[in-house]
Amino acid sequence: MTPTPMSSPMSADKSDRAPVPMIVLGGYLGAGKTTIVNALLRNADGLRITVLVNDFGSINVDASLIRERGDDVIGLENGCVCCTIGGRLVETLIAIGEREVRPDLLVIEASGVSDPMRIAQVGLLDKAFRLHGIVVAVDAQGIGQTLADRYVGDIAHKQLMAASTLVMTKTDLVAPDTLQSLRERLAELGATQVVVTADNGVVPPAILFPDEALPLPGWLGGRPMRISGHALPVGLRSFVWRVNGVSDRHRLKAALTMYPGKLLRAKGCVNLASGGASEVHVVGTRVAISKRPNLTLHESSMVFIGVLSDDDVARLDDALRATLTELSPSEA
């Protein structure tokens, strides 16, 4: 269905409706954004919540990882939840704003290597929405190394500067004195003094629920930028691996640790010889594989982001194929 233009009579008839509160949820790769979304949906307490997921790649990774569903998780680009920022996002926001029954809250989960400020500015082009906040998740254990990285440090710093609220995640992996030092550093690096801690994705309700407006960064007083699209930052690349087969868990984990320092993030769902459908996350050198007993996979698929050459990608593809214990006839 083609979204109704903003200038249509329908828009005029509904122009007196209160704008929908909008949250942009950002944070570097593996910071725990989807965990925060899941916790928000579990604690929605009757609110109608719409979630948009923006990511790189061409497979429905984040849609499948959002286990708890609100009213809807909207897919962009022909039903895929993985998209680039541009006209398609604007069209989707217009369509949401034109609904007879609007959501009580719109959440846009941004890509781990995108600038949440730019996404928020796109949202502000439509008066059907008001920005409730830009929430940026911060991996308490890994943020120091990320900020120091010559390839991605600037990306992470821009995300911190865009935030109205910084949410520290994975704090159980950090000593209390180190956590306090990190809290102070984040308050210095970011444009906000609001630094909170997430407990299994749960953050203070006022951060996410639109009871009242939160203080926003000063850039919101400026002129919104127009976005025609974006690509991965210089030095990074993204590729998708998919296969209709079954992998050996130990071989898969070995393949995913081939490029420490170069493979920054990988995520997806795979069929394993032991365990069946499983969710896979790679953040730096950390690999987490967990069973998804209620998920039926027609094929294994993962998205990879890293500082990888063509040869690196080819060798990684070979290593991933070597994990397979069974192949469909079309893949053999």
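Residues numbered from 1 in each chain as written. Predicted model: local features only at pLDDT ≥ 70, side-chain atom pairs only at ≥ 80, totals over all residues. Heavy atoms only, no water.

(A) Main features of the overall build of the chain. Along the backbone of the chain there are 11 helices and 14 strands. Of all 332 residues assigned to the chain, the portion counted as buried reaches 53%. At a minimum sequence separation of 6, the contacts of the chain that also span at least 24 residues come to 77%. Working note: accessible area of the chain is about 15300 Å², and carbon and sulfur atoms make up 50% of it. (Helix = DSSP H or I, 4+ residues; strand = E, 2+ residues; numbered from the N terminus. Buried < 20%, exposed > 50% of the residue type's maximum accessible area, 1.4 Å probe, protein only. Contact = heavy atoms within 4.5 Å. Areas by Shrake-Rupley, 256 points an atom, 1.4 Å probe, with all protein chains shown as cover.)

(B) Structural view of the pairing of strand β13 (residues 300-306). Of all seven residues making up β13, seven are buried, and the element is well covered by its neighbours. Burial along β13 is two-sided: Ser300, Met302, Phe304 and Gly306 facing one way and Ser301, Val303 and Ile305 facing the other are all buried. In this sheet, β13 lies alongside strand β8 (residues 237-243) in antiparallel orientation, the contact comprising seven bridges. Opposite Val240, over in β13, you have Val303 as the bridge partner. Taken together, the six bridges between strand β10 (residues 263-272) and β13 define a ladder with antiparallel strand orientation. Residue pairing for β13: Leu263 is matched across the bridge by Gly306. (Pairing = 2+ DSSP bridges.)

(C) Structural context of the nonpolar core. Counting 33 residues, the largest nonpolar core has Leu93, Leu106, Phe129, Leu166 and Leu186 as the members making the most contacts within it. Counting residues per element, this core draws most heavily on strand β5 (residues 129-139), which supplies five residues. Ignoring sequence-local partners within four residues, the contact set of Leu166 consists of Val136, Val138, Leu160, Leu186, Thr192, Val194, Val195 and Val196. If you look at the next biggest cluster of nonpolar residues, it comprises 23 residues, including Ala266, Val270, Met302 and Leu324. (Core = buried A, V, L, I, M, F, W, Y, C linked by side-chain atoms within 4.5 Å.)

(D) Focus on the pattern of salt bridges. Across all of its chains, the model carries six salt bridges by this definition. Put simply, Arg48 and Asp104 hold a salt bridge, and the shortest N to O gap is 3.4 Å. Of this pair, Arg48 sits in the loop between α2 (33-42) and β2 (49-53) while Asp104 sits in the loop between α4 (87-97) and β4 (105-109), placing them 56 residues apart in sequence. Judged by its relative accessible area of 32%, Arg48 falls in the partly exposed class. A residue is classified by how much of its surface remains accessible, and Asp104, at 25% relative accessible area, is partly exposed. The salt bridge involving Arg315 is made with Asp312; its shortest N-O contact spans 3.1 Å. With Arg315 and Asp312 both in helix α11 (residues 310-321) and three residues apart, this pair spans about one turn of that helix. (Salt bridge = Lys/Arg side-chain N within 4 Å of Asp/Glu carboxyl O.)

(E) Molecular detail of helix α5 (residues 116-123). With six of its eight residues buried, α5 lies for the most part within the structure. Among the residues of α5, Pro116, Ile119, Ala120, Gln121, Val122 and Gly123 are the ones counted as buried.

(F) Expanded view of unusual backbone geometry. Located in the positive-phi region is Lys170, a residue other than glycine, with phi close to 55°. With respect to the secondary-structure elements, Lys170 resides in the loop between β6 (165-169) and α8 (176-189). In this structure, Asn200 takes a positive phi of about 55° despite not being glycine. Considering the arrangement of structural elements, one finds Asn200 in the loop between β7 (195-197) and α9 (205-208). For Asn200, a relative accessible area of 64% puts it in the exposed group.

(G) Seen up close, the confidence of the model for the chain. Model confidence for the chain is summarised by a mean pLDDT of 75, while 73% of its residues fall at 70 or above. Scored below 50 in pLDDT, residues 57-62 shows 30 contacts in the model against residues more than four places distant or in partner chains. Here residues 74-86 is a poorly scored stretch, pLDDT under 50, and it has 53 contacts once near neighbours within four places are set aside; other chains count. (pLDDT = per-residue confidence, 0-100.)

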